[in-house]
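Residue strings, one per chain:
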Amino acid sequence: MIYLDYAAHAPADPAVLERFCDMERRFPANPNSVHAAGKAAREEMARVTEQIAALTGASPAEVIFTSGATEANNLAIKGIAQASRHIGKHIISTPLEHSSVNGSLTALQERGWEIDLLSIGRDGTVDPEEVHELLRSDTVLVAICAVDSELGTIQPVNEIAALLADHPNCRLHVDATQAIGRIPVDFAGIDTLSFAPHKFGGICGSGVLLKRSRMPLEPQMNGGASTTLYRSGTPALSLAASSALALQLACDERENRCAVVQRHSEKLRRALAAYPAVHINSPEHAVPHILNLSIKNVKGTVFQRALSEKGVCISVKSACSADGLPSRAVFAVSRDRRNALSSWRISLSHLTTDAEIDEFLSVFDACYHELVK
Ligand code: PLP
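Computed from a predicted structure; not experimentally measured.

### As for the overall build of the chain
Counting secondary structure elements, the chain contains twelve helices and twelve strands. Taken over C-alpha atoms, the radius of gyration comes to 21 Å for the chain, in line with the 21 Å a tight globule of 373 residues would show. Scored against the burial criterion, the 373 residues of the chain give a buried share of 49%. In the chain, 73% of the contacts between residues at least 6 apart in sequence involve partners at least 24 apart.

Below is the structure:
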């Protein structure tokens, strides 16, 4: 099997898995418990939280552990909107967001919030000037991804953060799920930032939300005291510890890992662009980990099935939005519905080998000649 769907989930790093098992063995207690075993788990939880805070430019009190980026996005977006409903109900976002962001926004819209989506340029990015134009006195949130999951475009988050510095009632939520380990990520100037360690060598079921302290946020789950006020339930120490190690490795190794991925991406771009029916949707300046393409007149789902039958795993849109509809993100950059319906995504890792790229290209060639008439 050739796995080229690392943006959906990446395998846990062996050292991270080992850390998870070690923590399970050493701390078999609830960190909320007041007895000695609980105290030991709580102290370890504090150490792990400090490690994540130091790697992201947050303070330990600003780290909230969740079950993944979906939960982190829901908590941030709904939590901010509900906590600031007395100020206003206007939110700005983009058509490039993951379904957990879109879904949270749609749920709010159904309950009376007004959502404006920024336009996307041909290069896949938003224009901070448009954020400025859309801002109103009742705008309470701008929600944007640092890197989008379908095209891999890098958004001007720092420029938007700078612009919002003059609007204290408007919060900035950044979904950094596809950014960590790909580009430098810093919490400075941002109110909430979500990510999911299982995308970069952590364990599935782990997520993090950084939340600026003293910023009001309405919890989305009730009951069960926790180490933070905002996410109840027994803190998952082993997941948190494995997340901290995965994040450490992703930050330390970022440049080396990106260099490997860049080489694979360049080879793929060159080889695929030689096919007349192929259109590469990911802009040149996108992160090299994500390569989105369309094959003229062949639905993305049809090409995906053909590749899958030959042992190659890729995604149509993202794994969480496999609904058969045209990709909103690809439509936003190409303005072409058929192109959006034909699109699919290859996502690479430093674990991808030269042999896998060669094998993928040979399977691609066979599928292309079967399906392109
Ligand atoms: N945000 C982005 C940009 C993503 O790519 C994903 C997953 O693909 C998510 C959020 C959801 O992450 P999780 O699977 O951890 O809930």
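### As for the site of the ligand
In the vicinity of the ligand there are 17 residues, among which Gly68, Ala69, Thr70, Ser149 and Ala196 approach most closely. No other element matches helix α3 (residues 69-83), which puts three residues into the shell around the ligand. Taken together, the residues of the shell around the ligand sort by class into six nonpolar, ten polar and one charged. When residues are assigned to domains, the shell around the ligand turns out to be shared by domain 1 (2-9 + 254-371) and domain 2 (14-252), each giving three or more.

### Structural notes on the sheet that holds strand β12 (residues 343-347)
The three strands are arranged β9-β10-β12 in an open sheet whose pairing can be described as antiparallel. Whereas interior strands pair on both sides, the edge strands pair on one side only; in this sheet they are β9 (278-280) and β12. Across the sheet, the axes of successive neighbouring strands diverge by a mean angle of 30°, strand direction being ignored. Note: strand β10 (residues 290-295) against β12, five bridges, orientation antiparallel. Opposite leucine 293, over in β12, you have tryptophan 344 as the bridge partner.

### A look at the packing of helix α2 (residues 36-56) against helix α7 (residues 237-252)
Between α2 and α7, the least distance of the axes is 9 Å, while the angle of their chain directions is 25°. In terms of orientation, α2 lies roughly parallel with respect to α7. Where α2 crosses over α7, the two elements pack in a sense that is left-handed. Between α2 and α7, the residues in contact are Ala41, Glu44, Met45, Val48, Gln51, Ile52 and Leu55 and Leu237, Ala240, Ala241, Ser243, Ala244, Leu247, Gln248 and Cys251, respectively. Each residue belonging to the contact of α2 with α7 can be placed in one class, and the counts come to eleven nonpolar, three polar and one charged.

### Notes on the sheet that holds strand β5 (residues 139-145)
Across the sheet, which stays open at both edges, the seven strands sit in the order β2-β8-β7-β6-β5-β3-β4 with mixed pairing between neighbours. Whereas interior strands pair on both sides, the edge strands pair on one side only; in this sheet they are β2 (63-66) and β4 (114-117). For this sheet, the mean angle separating the axes of adjacent strands, direction not counted, is 20°. Direction of pairing for β2 relative to strand β8 (residues 207-211): antiparallel, over a ladder of four bridges. Looking across to β8, one finds that isoleucine 64 is bridged to leucine 209.

### What to know about the domain arrangement of the chain
Split by domain assignment, the chain resolves into domain 1 (2-9 + 254-371) and domain 2 (14-252). In this complex, domain 1 contributes 25 residues to the contact, which on the side of domain 2 involves 25 residues. Of all the elements, helix α10 (residues 328-334) adds the most residues to the side of domain 1 that touches domain 2, at five residues. Broken down by class, the residue content of the side of domain 1 that touches domain 2 amounts to eleven nonpolar, nine polar and five charged.

### Details of the packing of helix α9 (residues 300-309) against helix α12 (residues 354-371)
Their axes nearest at 10 Å, the elements α9 and α12 cross at an angle of 130°. The pairing of α9 with α12 is recorded here as oblique in orientation. In this structure, α9 meets α12 at a crossing whose hand is right-handed. In this structure, α9 contributes Val302, Phe303, Ala306 and Leu307 to the contact, and α12 contributes Val363, Cys367, Glu370 and Leu371. When grouped by side-chain class, the residues that make up the contact of α9 with α12 number seven nonpolar, no polar and one charged.

### Considerations on the pairing of β4
Direction of pairing for strand β3 (residues 90-93) relative to β4: parallel, over a ladder of four bridges. Note that in β4 the partner of histidine 90 across the bridge is glutamate 114. In this region the chain leaves β3, passes through helix α4 (residues 99-110) and returns to the parallel neighbour β4; the handedness of that crossover is right-handed.

The rules behind each value
Residues numbered from 1 in each chain as written. Predicted model: local features only at pLDDT ≥ 70, side-chain atom pairs only at ≥ 80, totals over all residues. Helix = DSSP H or I, 4+ residues; strand = E, 2+ residues; numbered from the N terminus. Rg over C-alpha atoms; globule rule 2.2 N^0.38 Å. Buried ≥ 20, exposed ≤ 12 C-beta atoms within 10 Å, placed from the backbone. Contact = placed C-beta atoms within 7 Å. Near = placed C-beta within 6 Å. Nonpolar A, V, L, I, M, F, W, Y, C, P; charged D, E, K, R; others polar. Domains from an automatic or database assignment. Pairing = 2+ DSSP bridges. Axes fitted to C-alpha atoms, helices over the stretch in contact; angles between N-to-C directions. Parallel < 35°, antiparallel > 145°, perpendicular 65-115°, else oblique. Left-handed = near helix turned anticlockwise from the far one by under 90°. Right-handed = clockwise from strand over helix to strand, strands pointing away.

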